[in-house]
Amino acid sequence: MTDASGDRLIIEHDKDGVKLYRGEANAVMTNQPSVAKHQENWRPNVNLDFSTVDSQTQYGNRGRINPEDRYLHANYFLNQLEAPTSARNGMLKLASVAYNIPHDANNRVIDGEMTGYATEYQVTIDVTNGDTVFQYKWGDNWSHQEWNMYEILEKGEKIKVDLDK
């Protein structure tokens, strides 16, 4: 979660209980392992002077789509973003950092068959004004929709969004 001030909070529940991670270091999140493990992978490998790194700099990733590598990729790109020129430009920059798993990419074996698990949707919200961009990508459906989440919440009405339109 991120609030309008830019403060961040990740709430993680694992076998040891609920953990809270707050602050600037918590701008990226992926699935397992724990946030603590992701941050451990990132910190020893990172050169914080991003003006000296390029696409060949090694951060310990293996070029796969597993959560640990996605975390490293997202942090690498996020740390290079310059201040946005507008709220809309900021949303665009953040949306471009997210690592999307492509359709048909091998993920894991289920019932003896290799399966994929592509990124199905992406939601980007400007927490200051409520502008929301929703992208849905699955099969033959590739939609892009926009609305203002705060206006929807203010009306208190149920909404229905056809993902394939």
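Note: the structure precedes this text.
Overview of the structure.

### Topic: helix α1 (residues 35-42)
Side chains of residues three or four places apart in an α-helix project in the same direction, reflecting 3.6 residues per turn.
At step 1: Considered for burial, the residues of α1 that qualify are Val35, His38, Gln39, Asn41 and Trp42. Seen from one end, α1 has its buried residues packed into an arc of 155 degrees, which puts them on one side.
At step 2: Looking at the packing, one finds that the buried side of α1 touches β1 (9-14), β2 (17-22) and α2 (67-78).

### Some details on the side chain of asparagine 89
At step 1: Considering the arrangement of structural elements, one finds asparagine 89 in helix α3 (residues 87-97).
At step 2: Reaching out from asparagine 89, the side chain makes a polar contact with the backbone nitrogen of threonine 85 at a distance of 3.1 Å.

### Some words on a nonpolar patch on the surface
At step 1: Together, Met1, Ile11, Val18 and Leu20 line one region of the surface with nonpolar side chains, adding up to about 460 Å² of accessible area.
At step 2: With respect to the helices, strands and loops of the structure, leucine 20 is situated in strand β2.
At step 3: According to the relative accessible area criterion, leucine 20 is exposed, its value standing at 59%.

### Structural notes on the pattern of salt bridges
At step 1: By the definition in use, this model includes seven salt bridges.
At step 2: Here the salt bridges do not stand alone but share partners, grouping Asp14, Asp16 and Lys19 into one network.

### Re the packing of α1 against α2
At step 1: Put simply, α1 and α2 touch, their axes get as near as 10 Å, and they point 60 degrees apart. As judged from the angle between their axes, α1 and α2 are oblique. The two elements α1 and α2 cross, and the hand of that crossing is right-handed. Seen from α1, the contacting residues are Lys37, His38, Gln39, Asn41 and Trp42; seen from α2, they are Pro67, Glu68, Tyr71, Leu72, Asn75 and Tyr76.

What counts as what
- What you see as residue numbers is a count from 1 along each chain, following the sequence as written.
- In keeping with the predicted nature of the model, local features appear solely for residues at pLDDT of at least 70, side-chain atom pairs appear and are counted solely at 80 or more, and the whole-chain, interface and lining totals rest on all residues.
- Processing note: side-chain calculations cover all non-hydrogen atoms of the structure and skip hydrogens and water entirely.
- Accessible area is worked out with a 1.4 Å probe on protein chains only. A residue is then buried under 20% of its type maximum, exposed over 50%, and partly exposed in between.
- The way it works is that DSSP assigns letters per residue, a run of H or I at least four long becomes a helix, a run of E at least two long becomes a strand, and they are numbered from the N terminus.
- Along the arc lie the directions from the helix axis toward the C-beta atoms.
- Only heavy atoms matter for contacts: two residues are in contact if any of them lie within 4.5 Å across the pair.
- Counting of polar contacts relies on pairs of N or O atoms within 3.5 Å, with two restrictions inside protein: one atom must be capable of donating a hydrogen and the other of accepting it, and residues adjacent in sequence are counted only when both atoms are side-chain atoms.
- Residues forming no salt bridge and having over 30% relative accessible area are the ones grouped into patches, like charges within 9 Å of each other and nonpolar side chains (Val, Leu, Ile, Met, Phe, Trp, Tyr) within 5 Å.
- Each accessible area is a Shrake-Rupley result for a 1.4 Å probe, and residues are judged covered by the shown protein chains and nothing else.
- Any Lys or Arg side-chain nitrogen found within 4 Å of a carboxyl oxygen on Asp or Glu counts as a salt bridge.
- The axes are straight lines fitted to the C-alpha atoms, using for helices just the contacting stretch, and the angles between their N-to-C directions are given from 0 to 180°.
- Orientation labels follow simple angle bins: below 35 degrees gives roughly parallel, above 145 gives roughly antiparallel, 65 to 115 gives roughly perpendicular, and whatever is left gives oblique.
- Handedness of a crossing follows from how the near helix is turned relative to the far one, being left-handed for an anticlockwise turn of less than a right angle and right-handed for a clockwise one.

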